[in-house]
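# Residue-level structural notes
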Amino acid sequence: MRPLPCVPGVAAAAALLLLLLPRARADEHEHTYQDKEEVVLWMNTVGPYHNRQETYKYFSLPFCVGSKKSISHYHETLGEALQGVELEFSGLDIKFKDDVMPATYCEIDLDKEKRDAFVYAIKNHYWYQMYIDDLPIWGIVGEADENGEDYYLWTYKKLEIGFNGNRIVDVNLTSEGKVKLVPNTKIQMSYSVKWKKSDVKFEDRFDKYLDPSFFQHRIHWFSIFNSFMMVIFLVGLVSMILMRTLRKDYARYSKEEEMDDMDRDLGDEYGWKQVHGDVFRPSSHPLIFSSLIGSGCQIFAVSLIVIIVAMIEDLYTERGSMLSTAIFVYAATSPVNGYFGGSLYARQGGRRWIKQMFIGAFLIPAMVCGTAFFINFIAIYYHASRAIPFGTMVAVCCICFFVILPLNLVGTILGRNLSGQPNFPCRVNAVPRPIPEKKWFMEPAVIVCLGGILPFGSIFIEMYFIFTSFWAYKIYYVYGFMMLVLVILCIVTVCVTIVCTYFLLNAEDYRWQWTSFLSAASTAIYVYMYSFYYYFFKTKMYGLFQTSFYFGYMAVFSTALGIMCGAIGYMGTSAFVRKIYTNVKID
């Protein structure tokens, strides 16, 4: 049979995107078992309880492995590899519905070096994570006595596994067998397995890991209500003030048409109408500005789609699925970046559209990958599981060049051809109008600093829950709240930037493009400042690795949020500016 023709670039793009999708296998991936069929206990990572992101391979501590033949594991998704999942077979013999009485599975020959490793882990409150049928299990390595002189290792893993039909629906671990760590002794590691019938449905087996009391207590509902009232107030305020002010302006300018030349010359010579010949002048640095707007629109599209998918699919039930979905959606929405960035650059008269396309395509990936690679060097130094494998880095780079860039090119071409022609309601003057002096609080720098306060105020309580879910042991699952907060953030951002832009134009300052973008983007500054407060007062993180990891990725998160808010603010303000100048009769 003759093979079908294939475009190399399309084939490469399809192959790379398939890397992001979960691949089906037998065993636990089907989540169904026959009686006495093998059930795999995977050992994942170990690390300090207060530094959640500082994790190491489980067998980096001198634990011993069971006698059963090793089973290899591979990273099924790109998200799993990037999140430092390091599954290794425990060597324990576990069969479905087959109880195991307490039995020794290996022995540790505890010399001084191994004892010191365990003592260090116990001093730093090391916890480890395991998986059975994709259900996470946590256990503590050991504990110290009250005086901190003697250290004890938990040597007995008591597993209770609940089943419903031919599916595993519950796993519980009890650590017992406390043994004092004494050099040059032998420590026996043992386990037992007890199977019990459960009424929990397979679809509800992750409910035990959720914390409704944390995510839905009064302060959460209060934050939503407070933000909603802020939206109502801002929308009403903007509607009342601007519409009344604009109505007066329209009436005054209509009255000017009935005046003779002398009265018109003696009339008011100020206001937003005076800059009609410069308000649609291209922004300074249009190439960078267009790239930021395109990237912000793409981030908004990715946020919206991922939240909707998370609401429908419960992504928290699969390892790395949230990150894999975000990467896949980001790659797939690259035409959005090219369309909005390319069309805006064309309307502003830009000629180096290929350079703009490259900057727009690689702006966010370069920021994220640059930060990740920098932290990766620290992770490699610490031998942490968070160190990104070389193959994964190559895969990410290939996705950028063979998926994101071509799709961005398609979006750029469509944007330039469909909406790249200037269609401003006012003619742009050949010579820029001088900007008059104004009061200090009307300067763009002051407006930019103040513009992000209200948008941050509408989301900062939700930021606490998001931070806690990522930097502490909480699973975020209330994506309906997140969707509502995203809508509120968009409305507040647009309203605030419209007010700021109107005051700026009324002061006869036509530099509104960058001002509207930066006043909304300044929300990121307040979010990053809040991250400092959260780190020092809400966590017990410590060490170079965790500190660099935290502030590095918080800088990426804050910057991406700022670019998204800036693009939303600019798009809303642009529609407002076009509207008011369309309705004014200008000679």
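Rules behind the numbers
- Residues numbered from 1 in each chain as written.
- Predicted model: local features only at pLDDT ≥ 70, side-chain atom pairs only at ≥ 80, totals over all residues.
- Heavy atoms only, no water.
- Helix = DSSP H or I, 4+ residues; strand = E, 2+ residues; numbered from the N terminus.
- Buried < 20%, exposed > 50% of the residue type's maximum accessible area, 1.4 Å probe, protein only.
- Contact = heavy atoms within 4.5 Å.
- Areas by Shrake-Rupley, 256 points an atom, 1.4 Å probe, with all protein chains shown as cover.
- Patch = residues over 30% accessible without salt bridge, like charges linked within 9 Å, V, L, I, M, F, W, Y side chains within 5 Å.
- Salt bridge = Lys/Arg side-chain N within 4 Å of Asp/Glu carboxyl O.
- Core = buried A, V, L, I, M, F, W, Y, C linked by side-chain atoms within 4.5 Å.
- Polar contact = N/O pair within 3.5 Å; in protein donor to acceptor, adjacent residues only side chain to side chain.
- Phe/Tyr/Trp six-rings, centres within 6.5 Å; stacked < 30°, edge-to-face > 60°.
- Lys NZ or Arg CZ within 6 Å of the ring centre and 35° of its normal.
- Pairing = 2+ DSSP bridges.

### Side note on the overall build of the protein chain
Helix and strand counts for the protein chain stand at 17 helices and 10 strands. Burial status across the protein chain gives 50% buried among its 587 residues. For the protein chain, contacts bridging at least 24 residues in sequence account for 83% of all contacts bridging at least 6. When the accessible surface of the protein chain is summed, it comes to about 28700 Å², and 63% of that surface belongs to carbon and sulfur atoms.

### Structural notes on a nonpolar patch on the surface
On the surface, Tyr49, Trp127, Trp138 and Tyr473 cluster together into a nonpolar patch covering about 360 Å² of accessible area. Relative to the assigned elements, tryptophan 138 resides in strand β6 (residues 135–140). Note on tryptophan 138: relative accessible area 33%, which makes it partly exposed.

### Some words on the nonpolar core
Of all hydrophobic cores here, the largest spans 155 residues; its most connected members are Ile94, Val141, Ile168 and Tyr581. If sequence neighbours within four positions are ignored, isoleucine 168 has contacts with Tyr33, Val39, Phe96, Ile132, Asp133, Leu135, Ile161, Gly162, Phe163, Trp195, Phe202 and Arg205. In terms of nonpolar packing, the next biggest core, distinct from the first, is built from six residues, Trp42, Val85, Leu87 and Tyr131 among them.

### Brief notes about the side chain of arginine 205
Relative to the elements of secondary structure, arginine 205 occurs in the loop between β10 (185–197) and α4 (212–215). At a separation of 3.5 Å, a polar atom in the side chain of arginine 205 contacts the side chain of histidine 31. A distance of 2.7 Å separates the side chain of arginine 205 from the side chain of aspartate 133, its partner in a polar contact. The contacts of arginine 205, once residues within four sequence positions are left out, are His31, Asp133, Asp134, Leu135, Ile168, Val169 and Val200.

### Describing the packing of aromatic side chains
Within the structure shown, the criterion is met by 54 aromatic pairs. Ring geometry for tryptophan 138 and tyrosine 209: centres 5.9 Å apart, planes at 70 degrees, overall edge-to-face. Highlighted residues: tryptophan 138 in strand β6 and tyrosine 209 in the loop between β10 and α4, separated in sequence by 71 residues. Taking the centre distance of 5.8 Å and the plane angle of 40 degrees together, the rings of phenylalanine 545 and phenylalanine 549 count as tilted. Of this pair, phenylalanine 545 and phenylalanine 549 are both found in helix α17 (residues 544–582), four residues apart, which corresponds to roughly one turn of the helix. By the burial criterion, phenylalanine 545 is buried, and phenylalanine 549 matches it. Geometry around phenylalanine 202 places arginine 167 over its ring, the cationic atom sitting 4.2 Å from the centre. Sitting over the face of the ring of tyrosine 131, arginine 319 holds its NZ or CZ atom 4.6 Å from the ring centroid.

### Side note on the pairing of strand β1 (residues 41–48)
Counting buried positions over the eight residues of β1 gives eight, a clear majority of the element. Relative to strand β5 (residues 126–132), β1 runs antiparallel, the two sharing six bridges. Across the sheet, valine 46 pairs through a bridge with tyrosine 128, a residue of β5. Pairing geometry for β1 and strand β3 (residues 88–89), over two bridges, is antiparallel. Considered in β3, the bridge of methionine 43 is made with glutamate 88. Pairing between β1 and strand β2 (residues 56–57): two bridges, direction antiparallel. In the sheet register, threonine 45 faces β2, and the bridge partner there is lysine 57.

### Digging into the side chain of glutamate 80
Structurally, the position occupied by glutamate 80 is in helix α2 (residues 78–82). Classification of glutamate 80 by relative accessible area gives buried; the value is 1%. Of note is the side chain of glutamate 80, whose polar atom sits 3.4 Å from the side chain of arginine 319.

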